[in-house]
Amino acid sequence: MDSSSLHGLLDEYAELEKQLADPAVHADQGRARKLGRRYAELSPIVKVITELDSARDDLTTARELAGEDPGFADEADEIAARIPQLESRLTELLLPRDPYDGSDVVMEIKSGEGGEESALFAGDLLRMYLRYAERHGWKAEVLDAVHSDLGGYKDVTVAVKSRAGDADGVWARLKFEGGVHRVQRVPATESQGRIHTSAAGVLIYPEPEEVEVEIDPNDLRIDVFRSSGPGGQSVNTTDSAVRVTHLPTGIVVSCQNEKSQIQNRARAIQVLQARLQAMAEEEAAAKAADARKSQVRTVDRSERVRTYNFPENRISDHRVNYKAYNLDQVLDGDLDAVLDALAAADREERLAAAGQ
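The structure reproduced in this document is the subject of the present report.

Reading guide: rules and limits
Residues numbered from 1 in each chain as written. Predicted model: local features only at pLDDT ≥ 70, side-chain atom pairs only at ≥ 80, totals over all residues. Heavy atoms only, no water. Helix = DSSP H or I, 4+ residues; strand = E, 2+ residues; numbered from the N terminus. Buried < 20%, exposed > 50% of the residue type's maximum accessible area, 1.4 Å probe, protein only. Areas by Shrake-Rupley, 256 points an atom, 1.4 Å probe, with all protein chains shown as cover. Pairing = 2+ DSSP bridges. Axes fitted to C-alpha atoms, helices over the stretch in contact; angles between N-to-C directions. Parallel < 35°, antiparallel > 145°, perpendicular 65-115°, else oblique. Left-handed = near helix turned anticlockwise from the far one by under 90°. Nonpolar A, V, L, I, M, F, W, Y, C, P; charged D, E, K, R; others polar. Salt bridge = Lys/Arg side-chain N within 4 Å of Asp/Glu carboxyl O. Expected span 1.5 Å × (residues − 1). Arc of directions from axis to C-beta. Polar contact = N/O pair within 3.5 Å; in protein donor to acceptor, adjacent residues only side chain to side chain. Contact = heavy atoms within 4.5 Å.

## With respect to the overall build of the protein
At step 1: Looking only at helices and strands, one finds eight helices and 11 strands in the protein.
At step 2: Looking at the protein residue by residue over its 356 residues, the buried ones come to 37%.
At step 3: When the accessible surface of the protein is split by element, carbon and sulfur atoms take 48% of a total near 20,000 Å².

Here it is, written out as structure tokens:
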């Protein structure tokens, strides 16, 4: 990114800071949340830009002073070594973001092969995610649940929302959880003490945010006509009825119930906004559904992304060759290490793609 683009980010950051200091902004919680999230997203970028500018200035000064006093040469070398590290960090921060990273999520956990044992494991996974949400100060709410006979879950759906002001939403952290999770342990239903393998599926997708629709007046064609009653009978002698056509979509809204043309126009535009809002939310939901469909099609043990081995207290993520022997802690919500490994692998892929 060139210097003008970087300074554009600094300008945006300063403007966000100004807006967030305005009490009127916080009267609209949705807007304040959106601005706060963008501000938090830009904060680490601005911090590195500022440090980098300062380091470059310090390097110039140290080299000038080294010409007069050799004692400044070591300081210049230290600063020079630090600049590439800051540049690398800035490159990483400026990588294109997942457009849903700021989103809250809806998660579904479904039992699969293994009957009651699979349902019990689905319950373990639910508790793990609820504990992880609690650790991060997120709000988790079970929306729907189908219980099994032994207290597990055949199917459970939970919504997880981040705190206001977080740089990222829940999706940025949990988006890699979709797939088949396999468990190896002695089931509660097993009388012979034999280890069984079963599986549960996790589906996770971004929750569409409320879409605020702004209508460009140039996109509207507004026609007025005389209101009519039953059978086409004219009910007034003025052209007070209004027909609004949204040219980009072809949506047509007519209103003639109000007494004045101004009132009918305002009401018609309000109805149009509602229709466009619904259309935008349907499109957002469709995109989220596409992300959901791509994760797991069947809850089959062979399509595993992660294995939870109870006898060895081992957790293994097969996508990044991650392995640790703290399964008990992970199931209690200590997921950060495995999620960090997945995020690091994703970051490396995006860095490699950006360098091509």
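## Details of the pairing of strand β10 (residues 314-317)
Side-chain direction in a regular strand flips from residue to residue, so the side chains alternate between the two faces of the sheet.
At step 1: Neither face of β10 is open: one carries R314 and S316, the other I315 and D317, and all of them are buried.
At step 2: Here strand β9 (residues 304-309) runs beside β10; their pairing, made up of four bridges, is antiparallel. Among the inter-strand pairings, R306 is bridged to a residue of β10, identified as D317.
At step 3: Two strands pair when backbone bridges link them, and β10 and strand β11 (residues 322-324) are joined in this way by three bridges, in the antiparallel orientation.

## Considerations on the sheet that holds β11
At step 1: As summarised here, the arrangement of the eight strands in space is β2-β3-β1-β5-β4-β9-β10-β11, forming an open sheet in which the pairing is mixed. Here the strands that pair on one side only, and so sit at the sheet edges, are β2 (139-147) and β11. The sheet shows a mean angle of 15° between the axes of neighbouring strands, taken without regard to direction.
At step 2: Across eight bridges, the pairing between β2 and strand β3 (residues 153-161) is antiparallel. The residue bridging V142 from the neighbouring strand is V158, located in β3.

## Things to note about the packing of helix α2 (residues 29-66) against helix α3 (residues 73-93)
At step 1: Where α2 contacts α3, the two axes come as close as 9 Å, and the packing angle between them is 155°. Taken together, α2 and α3 sit at an angle that is classed as roughly antiparallel. Our pair here, α2 against α3, has a crossing hand that is left-handed.
At step 2: In terms of residue class, the contact of α2 with α3 is made up of 17 nonpolar, no polar and seven charged.

## Brief notes about unusual backbone geometry
Trans peptide bonds make up the majority, and among non-glycine residues the majority have a negative phi.
At step 1: Look at N313: it is not a glycine, yet its phi comes out positive at around 55°.
At step 2: Counting through the fold element by element, N313 comes out in the loop between β9 and β10.
At step 3: Taking the relative accessible area as the measure of exposure, N313 reaches 26% and is therefore partly exposed.
At step 4: Even without a glycine there, the phi angle at N321 is positive, about 55°.
At step 5: Along the chain, N321 turns up in the loop between β10 and β11.
At step 6: Judged by its relative accessible area of 72%, N321 falls in the exposed class.

## Focus: the environment of A40
At step 1: One can find A40 in helix α2.
At step 2: Take A40: its relative accessible area is 14%, and that puts it in the buried class.
At step 3: Taking the C-alpha atoms as reference, A40 lies 9.4 Å from Y13; in sequence the two are 27 residues apart.

## Focus on the pattern of salt bridges
At step 1: Counting across every chain of the model gives 21 salt bridges.
At step 2: The shortest N-O distance in the salt bridge between E87 and R56 comes to 2.8 Å. In this pair, E87 is assigned in helix α3 and R56 in helix α2, connecting sequence segments 31 residues apart.
At step 3: Among the residues examined, R56 registers a relative accessible area of 37% and is labelled partly exposed.
At step 4: A salt bridge links D332 to R127; its shortest N-O distance comes to 3.1 Å. Pair noted here: D332 is in the loop between α7 (327-331) and α8 (336-355) and R127 is in helix α4 (residues 115-135), with a separation of 205 residues, a long-range link.

## Remarks on α3
At step 1: Spanning 21 residues, α3 covers 31 Å between terminal C-alpha atoms, matching the ideal 30 Å at 1.5 Å per step.
At step 2: Burial in α3 covers these residues: A76, I79, I83, L86, L90 and L93. One face of α3 carries all of its buried residues, which in axial projection span an arc of 95°. More than 90 degrees from the buried face of α3, the exposed residues found are D74, D77, E78 and Q85.

## A word on the side chain of R185
At step 1: Looking at the secondary structure, you find R185 in strand β4 (residues 179-185).
At step 2: Separated by 2.5 Å, the side chains of R185 and E117 make a polar contact.

## A short note on the environment of V338
At step 1: Position of V338 relative to the elements: it lies in helix α8.
At step 2: Residues V338 and D317 lie 21 residues apart in sequence; the distance between their C-alpha atoms is 7.5 Å.
At step 3: With residues up to four places along the chain from it excluded, the contact list for V338 reads R306, D317 and Y322.

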